Structure formats: structure tokens, C-alpha cells
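Examining the three-dimensional arrangement
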Amino acid sequence: MTILRSLALFVLAALAEIGGAWLVWQGVREQRGLLWVGAGFVALGLYGLVATLQPDANFGRILAAYGGVFVAGSLAWGMVVDGFRPDRWDIVGALVCLAGVLVIMYAPRA
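Residues numbered from 1 in each chain as written. Predicted model: local features only at pLDDT ≥ 70, side-chain atom pairs only at ≥ 80, totals over all residues. Heavy atoms only, no water.

**Details of the overall build of the protein chain**
Scanning the protein chain from terminus to terminus reveals 4 helices and 0 strands. Ordering the α and β elements of the protein chain from the N terminus gives α-α-α-α. When burial is assessed residue by residue, the protein chain has 30% of its 110 residues classed as buried. Within the protein chain, counting contacts between residues at least 6 apart in sequence, those at least 24 apart form 65% of the total. By element, 72% of the accessible surface of the protein chain is carried by carbon and sulfur atoms, the whole surface being about 7,000 Å². (Helix = DSSP H or I, 4+ residues; strand = E, 2+ residues; numbered from the N terminus. Buried < 20%, exposed > 50% of the residue type's maximum accessible area, 1.4 Å probe, protein only. Contact = heavy atoms within 4.5 Å. Areas by Shrake-Rupley, 256 points an atom, 1.4 Å probe, with all protein chains shown as cover.)

**Considerations on unusual backbone geometry**
At Q31, a position not held by glycine, the phi torsion is positive, near 55°. By the element assignment, Q31 lies in the loop between α1 (2-28) and α2 (34-51). Of the residues examined, Q31 reaches a relative accessible area of 71% and is grouped as exposed.

**What to know about a nonpolar patch on the surface**
Together, M1, I3, L4, L7 and L102 make up an exposed nonpolar region whose accessible area comes to about 550 Å². The greatest single-element share of the nonpolar patch, amounting to 3 residues, is contributed by α1. Note on placement: M1 falls in the segment before α1. (Patch = residues over 30% accessible without salt bridge, like charges linked within 9 Å, V, L, I, M, F, W, Y side chains within 5 Å. Salt bridge = Lys/Arg side-chain N within 4 Å of Asp/Glu carboxyl O.)

**Topic: the nonpolar core**
Ranked by internal contacts, the top residues of the largest apolar core, which has 14 residues, are F10, Y66 and V69. Per-element accounting of this core gives the leading share, 6 residues, to α1. With near-sequence residues (within four places) excluded, F10 lies in contact with Q54, I62, A65, Y66, V69, V101, M105 and Y106. (Core = buried A, V, L, I, M, F, W, Y, C linked by side-chain atoms within 4.5 Å.)

**So, the environment of F41**
The residue F41 is located in helix α2 in this model. Expressed as a C-alpha distance, the spacing of F41 and A21, which sit 20 residues apart in the sequence, is 8.0 Å.

**Details of the side chain of Q54**
By secondary structure assignment, the location of Q54 is in the loop between α2 and α3 (59-82). Discounting chain neighbours no more than four positions away, the residues touching Q54 are S6, L9, F10, I62 and M105.

**Focus: helix α4 (residues 88-106)**
Between its first and last C-alpha, α4 extends 27 Å over 19 residues, near the 27 Å set by a 1.5 Å rise per residue. When α4 is considered as a whole, its buried residues turn out to be A94, V101 and M105. Summarising the axial view, the buried residues of α4 lie within an arc of 5°, below the 170-degree limit, and thus occupy one face. With respect to the buried face of α4, the exposed residues turned more than 90 degrees away are R88, W89, L95, V96 and V103. Here the buried face of α4 lies against α1 and α3. Regarding α4, its N-cap is D87, as a side-chain oxygen of that residue lies 3.0 Å from the backbone nitrogen of W89 further along. (Expected span 1.5 Å × (residues − 1). Arc of directions from axis to C-beta. Polar contact = N/O pair within 3.5 Å; in protein donor to acceptor, adjacent residues only side chain to side chain.)

Now the structure itself:
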């Protein structure tokens, strides 16, 4: 159950961080305005909060593992929201990153 909770928190963190960054991007680069930028700032703040809810107490481990989730999540966000089509190397890279998440977070430790 702890692993499922941890994975769910990683997904929520990714949605908040990637979504927040996307909102800021839309507000600035696509000139949608300060409301979009502000919403992005709020979402990015929520990302920071969600990361603290991980059951593991090691900040460095959590952020290192989250990096892999961020990579794969960013590609998925691009596919769903922006119509991005990853090539096979994008997919291979994302799978390597996700394998790293599993090793860093869930490998048995003595």
C-alpha cells in the first residue's frame, strides 16, 4: 500500500508541476495573461506541498526519483495537451527514467 500511495503522490506532483509550468508558459509565451501565470504559480506551489507527503523521509531520494516521473510525465502531457508525438527514443528515454524511479525509490535496502 505504501508503494501505491507513493506512486499516486508522484503522479499528483507531476500534474501540479507540469500543469503549473504549462500554465505559466501559456500566460507568458502564448500571451494569455496574468491569470494563467498566477494559476501556474499556485499549481507549482501545490507541487512543492505534494512532494512533502511522500512516505520516504529523504528529500534527495524523493527529488531524484521524481525527476524520472517528471521526464515521462512531460512527454505524456505534451501528447495529451499539445498533440506532441514522441519518437521511439523519447519513449525509450522515458522508460529508462521510470526504471530509475523504481530502483531509487523501491529497491530493497538493508
